Amino acid sequence: MILFWVPRLSVLGLCAQCSASTVVSRRSIYKVCPLCDADGEDGLTTQEASRRLEEYGRNELGDAGGVNPGKILIRQIANAMTLVLILAMAVSFGIRSWIEGGVIAAVIIINISVGFFQEFQAEKTMDSLRSLSSPTANVVRDKQNVSISTSEIVPGDLVELKVGDTIPADTRLVETVNFETDEALLTGESLPVRKNAGDVFAPDTGPGDRLNVAYSSSTVTKGRATGIVFATGMSTEIGTIAAALRKKEGKVRPVKRKEDGTAHPHRYLEAAALTVYDAVGAFLGVNIGTPLQQKLSRLAVLLFFVAVICTIIVLAANYFLSRQEVIIYAVATGLSMIPASLVVVLTITMAAGTKRMVERNVIVRNLRSIEALGGVTDICSDKTGTLTQGKMVAKKAWIPATGTYTIGDIEEPFNPTKGEISHCSKEPREMSEEGQGERTSYAELVQRSDDLKEYLRVASLANLAHVRETETGSWTARGDPTEIAIQVFATRFRWNRRDSTAGEQPAWKLLQEFPFDSDVKKMSVLYKDQHSGKVFAFTKGAVERVITSCTSYMGEGNGELQSMTDEYRERILENMEGFARLGLRVLALAGKEFNEDYEDGVEIDRNTIEAKLTFRGLIGLYDPPRTESAASVKECHEAGIEVHMLTGDHPGTARAIASQVGILPKNTHELSKDVADSMVMTAAQFDKLTDDQIDDLPVLPLVIARCAPSTKVRMIEALHRRKRFAAMTGDGVNDSPSLKRADIGIAMGQAGSDVAKDASDIILSDDNFASILAAVEEGRRTFDNIKKFVLHLLAQNIAQALILLIGLIIKDGEGISVFPIAPVEILWIIMITSGLPDMGLGFEKAAPDVMERPPQNLKAGVFTVEVLCDMVVYGFWVAALCLAAFVIVLYGFGDGVIGFRCNESIGDGCETVFRARATCFATLTWFSLFLAWEVIDMRRSFFNMQPGSKRYLTQWLIDIWHNQFLFWAVMTGFGTIFPILYIPGLSNIVFKHTGISWEWAIVFIGSFLFFAGVETYKYGKRAWLRRRAAKTESAVGSQSDEMKPFARYLTDSSLKKDAEKA
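Just so it is clear, the structure is predicted and the values come from calculations on it, not from any experiment.

1. Some details on the packing of aromatic side chains
Under the definition given, this model contains 34 aromatic pairs. Centroid distance Trp398 to Phe615: 6.1 Å. Interplanar angle 50°. Geometry classified as tilted. Highlighted residues: Trp398 in strand β10 (residues 393-399) and Phe615 in strand β22 (residues 613-622), separated in sequence by 217 residues. The residues Trp398 and Phe615 share a single accessibility class, namely buried. Seen from their ring centres, Trp926 and Phe1004 are 5.2 Å apart, and the 90° between their planes marks the pair as edge-to-face. A residue pair is termed long-range when its members are at least 10 positions apart, and Trp926 in helix α34 (residues 911-934) and Phe1004 in helix α38 (residues 1000-1036) qualify at 78 residues. Overall, the relative accessible area of 51% leaves Phe1004 in the exposed class. The ring of Phe686 carries the charged tip of Arg714 above its face, separated from the ring centre by 5.9 Å.

2. With respect to the pairing of strand β19 (residues 550-554)
Looking along a regular strand, one sees side chains alternate from face to face of the sheet. Within β19, 4 of the 5 residues are buried, leaving the element largely enclosed by the surrounding structure. Where β19 and β22 come together, 3 bridges link them in parallel fashion. Considered in β22, the bridge of Tyr553 is made with Phe615. Where β19 and strand β20 (residues 561-563) come together, 3 bridges link them in antiparallel fashion. When the sheet's bridge partners are listed, Met554 is paired in β20 with Leu561.

3. A look at the packing of helix α35 (residues 955-962) against helix α36 (residues 964-982)
Packed helix pairs are specified by the crossing angle of their axes together with the interaxial distance, meaning the distance between the axes. Here α35 crosses α36 at 100°, and the two axes come no closer than 5 Å. Judged by the angle between their axes, α35 and α36 are roughly perpendicular. Of the residues in α36, those touching α35 at Ile960, Trp961 and His962 are Gln964, Phe967 and Trp968. Across the contact of α35 with α36, the residue classes break down as 4 nonpolar, 2 polar and no charged.

4. Observations concerning empty space enclosed by the protein
Scanning the entire structure with this criterion turns up 5 cavities of 30 Å³ or more. Considering the residues around the largest cavity, the lining is formed by Lys788, Glu844, Lys845, Ala846, Ala847, Pro848, Ile936, Asp937, Met945, Gln946, Asp959 and His962.

5. Describing the pairing of strand β15 (residues 475-478)
Relative to β15, strand β14 (residues 466-469) is paired through 4 bridges, and the arrangement is antiparallel. Bridge pairing links Glu469 to Trp475 in β15. Once β14 ends, the chain turns through 5 residues before running back antiparallel as β15, passing Gly473 with a positive phi of about 95°.

6. As for the side chain of His792
Relative to the helices and strands, His792 resides in helix α30 (residues 769-806). Judged by relative accessible area, His792 falls into the buried class, the value being 0%. Among the polar contacts listed, one links the side chain of His792 to the backbone oxygen of Ser928, at a separation of 2.8 Å. Beyond its immediate chain neighbours, meaning those up to four positions away, His792 contacts Ser834, Asp838, Leu841, Ser928, Leu931, Ala932 and Val935.

7. Quick notes on the sheet that holds strand β25 (residues 703-705)
What the 8 strands build is an open sheet, ordered β8-β28-β27-β26-β9-β23-β25-β24; its pairing is mixed. Edge positions in the open sheet fall to β8 (362-364) and β24 (680-682), since each of these has one partner strand only. On average, each strand axis in the sheet is inclined to that of its neighbour by 20°, with strand direction left out of account. Of the pairings in the sheet, the one linking β8 to strand β28 (residues 762-764) comprises 3 bridges and is antiparallel in character. Note that in β28 the partner of Val364 across the bridge is Ile762. Sitting on the sheet, helix α23 (residues 651-661) touches β23 (642-646), β24 and β25, and the angle it makes with β25 is about 150°.

8. Side note on the side chain of Arg497
Residue position: Arg497 is located in helix α18 (residues 497-501). At 5.6 Å, Glu175 is the nearest oppositely charged side chain to Arg497, a buried residue that forms no salt bridge. Leave out the neighbours within four places in its chain, and Arg497 touches Ser460, Leu461, Asn463, Leu464, Ala465, His466, Gln487 and Tyr527.

9. What to know about the state of the cysteines
Using the criterion set out here, one finds 1 disulfide in the structure. Across the disulfide from Cys902 sits Cys910; the S-S distance is 1.9 Å. With the S-S dihedral at roughly -80°, the linkage between Cys902 and Cys910 falls on the left-handed side. Like Cys910, Cys902 is buried. Cys882 takes part in no disulfide bond, and the closest cysteine sulfur, belonging to Cys920, lies 4.8 Å away. Assessed through its relative accessible area of 0%, Cys882 is described here as buried.

10. Comments concerning the confidence of the model for the protein chain
Detailed conclusions should not be drawn from predicted coordinates in areas where pLDDT is low. Across the protein chain, pLDDT averages 81, with 87% of residues at or above 70. Predicted confidence in the protein chain is weakest over helix α1 (residues 9-12), with a mean pLDDT of 30, and strongest over strand β18 (residues 535-542), with 94. Here residues 243-249 is a poorly scored stretch, pLDDT under 50, and it has 6 contacts once near neighbours within four places are set aside; other chains count. Segment residues 1051-1062 is flagged for pLDDT under 50; beyond a separation of four residues in sequence, or across chains, it makes 13 contacts in the model.

11. Digging into the environment of Val393
Mapped onto the secondary structure, Val393 falls in strand β10. For the pair Val393 and Phe489, spaced 96 residues apart in sequence, the C-alpha separation works out to 8.4 Å. The contacts of Val393, once residues within four sequence positions are left out, are Ile410, Pro413, Ala485, Gly620, Leu621 and Tyr622.

Scoring rules and cut-offs
Residue positions are given per chain, counted from 1 along the sequence in the order it is written. Only residues with pLDDT of at least 70 get local features here, since the model is predicted, and only at 80 or more are side-chain atom pairs given and counted; chain-wide, interface and lining totals rely on the full set of residues. The side-chain quantities take in all heavy atoms of the structure and omit both hydrogens and water. Only the six-membered ring of Trp is used, alongside the rings of Phe and Tyr, when aromatic pairs are assigned; centres must lie within 6.5 Å, and planes under 30 degrees apart are stacked while those over 60 apart are edge-to-face, with the rest tilted. Going along the chain from the N terminus, every DSSP run of H or I of four or more residues is numbered as a helix, and every run of E of two or more is numbered as a strand. Each residue is placed in one exposure class: buried if its accessible area under a 1.4 Å probe, protein chains only, is under 20% of its type's maximum, exposed if it is over 50%, and partly exposed if it falls in between. Definition used: whenever NZ (Lys) or CZ (Arg) falls within 6 Å of the ring centre and also within 35 degrees of the ring normal, the charge is taken to sit over that ring. Two strands qualify as a pair provided that DSSP identifies no fewer than 2 bridges between them. Here an angle of 0 to 180 degrees is reported between the N-to-C directions of two axes, which are lines fitted to C-alpha atoms, with helices fitted over the stretch in contact. Working definition: roughly parallel below 35 degrees, roughly antiparallel above 145 degrees, roughly perpendicular at 65 to 115 degrees, and oblique for all remaining angles. Contact criterion: two residues are considered in contact whenever any of their non-hydrogen atoms come within 4.5 Å of each other. Following the grouping adopted for this structure description, the nonpolar residues are Ala, Val, Leu, Ile, Met, Phe, Trp, Tyr, Cys and Pro, the charged ones are Asp, Glu, Lys and Arg, and the polar ones are all others, Gly among them. Lining residues are those with an atom within 4 Å of a point, where the points come from a 1 Å grid over the protein atoms alone and group into cavities, where a 1.4 Å probe fits but cannot get out, or pockets, open sets with protein on both sides within 12 Å along at least five of seven lines. Grid points are joined across faces, edges and corners, and a volume is the space filled by probe spheres set on the points. In protein, a polar contact requires one atom able to donate a hydrogen and another able to accept it; more generally it is a pair of N or O atoms within 3.5 Å, and residues adjacent in sequence count only if both atoms are side-chain atoms. Only four residue types enter the charge count, namely Lys and Arg as positive and Asp and Glu as negative; His and the chain termini do not. In the sections that follow, a salt bridge refers to a side-chain nitrogen of Lys or Arg positioned within 4 Å of a carboxyl oxygen of Asp or Glu. Criterion for a disulfide: a pair of cysteine sulfur atoms at a distance within 2.5 Å. Every residue carries a pLDDT, the predictor's confidence in it, which falls somewhere between 0 and 100.

Spelled out as structure tokens, the structure:
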């Protein structure tokens, strides 16, 4: 465990029994850093942090459970498939059929062992993924702001905290700005607690009253702060109650009581029955796990009852005789219906899927999302940092009194000394895209314009970013990308915030800060000019919101304030449109002298600060689209997925970026007017509509600008009403409702808040839209592979059951049915011959057309109409060929005379039966292995699985070699059949067959017919699908390549309306 870390405790002569928070809360800010051997400006070095991590351990609350081997072992035993095997084993031993019973016991042990090992590995994988998706913390390491896992926080770390963050460890605050935290988990206090870094408290102050300390696991609800970590792990205050937090909920259903606390007797019976139902359901897996796991567990229970029915049919066909042969036949028929390796293979496949997603920058927080990703029909994405690079650069600025400023091309976005500046007296609305103005110097511009100085003062002070030059001459930046870009712009004119607010006698003192709020879309600060004693308010934010708060602006040339009019507001908006047409994100800057009374510690109404402002100008920021965004959006369209961009930017900027990446068509004139108008809306327009009006839109908006968190929720609800399956991205605290409401919530790993991550299903570690597409592709691939091995397993079960049930008509001299396949043969095929290839199918790569198909139908799950048809067709075809092989050997080339007790031994005239059974077994084994290769692609020919390949004769060899696990699993199946057939004792006593010779010709002919039948069936499927696709294409008509993704909008009712109007 990690003890609290106060290295100079004995030197200070403090009480050894004092808690860490007691020690630091009684010390002033200036004594905290020396006490914790920390640097309050540049943080720790990576080397020092690593040393402390090794010395003091990880910042974790002990073992929170982790992987429980006992529970995994119980799950392997407690499922319907294993229970059938146990029942069959008990019956076999009960009738003294020692060989069959022993083999079944061995199969049970192998199945449980393999299942335990694989699920244990899968649980460890998910456990490691949960650690990857654990909350992160922003710390300063090596003078840089970096995001690390909270488990890597060490004592002495300098952490930066903002709204939505989870406090990573107990922290002594050194700077607070309107900082409040929710400490309900620790203190039970329902209201947020206001913190103040400058306070000092007596040693006997309780934890909840130490207002200069932020406690681990509490959540930041307002403001921002920086602090020094002084306690980690179990030494934190929350560590003392960690054990209580881990208490499990009771598994007993509560009794429904009346208002007076009493309950009717039947309520106790009801609660007991429901508790038993829950226990049995959990035991069998039908009400725990992912939806697919539950569905397959219910399938297992269904197959259990089918197996019982089949067993009764066998007994009935043999007049319910209690002879050993009859009972063994019944056991064999029951076993034939049980896909014993299904649960194991499913676990392996999904675990492999999570690993592959991590490699593609996607962290899965629950297995349910792997299944759901394959069914995504709509992706609602943010713009900044997801579709774009998130590397903001201030390219243009406009000041009403002076004109437009343009920054030239730069390669170092954080370096204010790089990049030339041009000035033009024209307004942005009057300039062409190429127009920049006359080149000049930064110093000259500042010297000749007081209006520029006022503009720069707002730009630098209404800003939280840190931009500074290091000792080596390089420039570093910390903070939000937007604010960094604005701070770099101000620093070009030697107007850096740090120069004004740092030092022993700063020129400006921050009094209050009102952080950016996604509802008001503004950020404001209150500063005091230390020289004049005056107080000023500075605001930046969305142009439409800021100008409504402005009552004046600086006119051109006269140096006097002018009253803001509606006409001038329209003029500002026109200039904003001029910037937006260039794809720039536009913000407005404003300020005023604050003449109200101000008192330290008294909170001021935000509306008072953000009223009667003076408009100072606009700034245009460029965030270029990621190079892979356009290709990813195009691939989404090809996959039948609509992409919606929900952004806080101006409609012009949003439209420009959406057109660049392909979310919007460039040729909107080819669309009907109502469709084109619906494609781009502002949040104000969208939120103004009722639900019925939204449902009447010909198409839901592809771009919503000035988007608020509530707009995202309404968008998700609108998609759900249209029966769409939506994924939503988010990074802020206010995004958590939409992330939870979405079918798949996607949080940003780098820019996302801890609250957003906790509400999400998956996390993008690189904040890249292309990673969403990668997640969808992996989800579809995993879903496809699950369908493949489920089809492979159940088709064999159908074939085996049909062989045994139809084989009931074949009877020996005593009128007892002779099974075409022995019980041990069935177990061998289910567990070995089929089990290993099924695992290989789980590792199969994505099909070439996996992203060219429409999304999966999650309501049908893996049991689509196509899978069910394939299952029946393949099952019947395999059964027909295997029975034909058995009958040909027995009656075609044999004399058809069946001896006695041919289900037990080869004596008494049963040699022909044993040879026929061996032929049937060999045929079924080969068909099982060949079928594993055939279902790699459920539609394309096994001999031509790669479209466009020129290797007409050898392509299938390359395809089967590509998945080497599957290849060697099939080869193992081919190889093991020979010792089973030809080793004396093993062959005739255990497997109840004997070696064959000329019968191999029947096996080869049957294999040829197997391929011919399967390939013919696939060809018929492809022909039907081509006809259906042709009808769809003819209905849509021919469109340009650019408009093809939007062709579905051309068939909307809107076109008919336009035609009627015309």
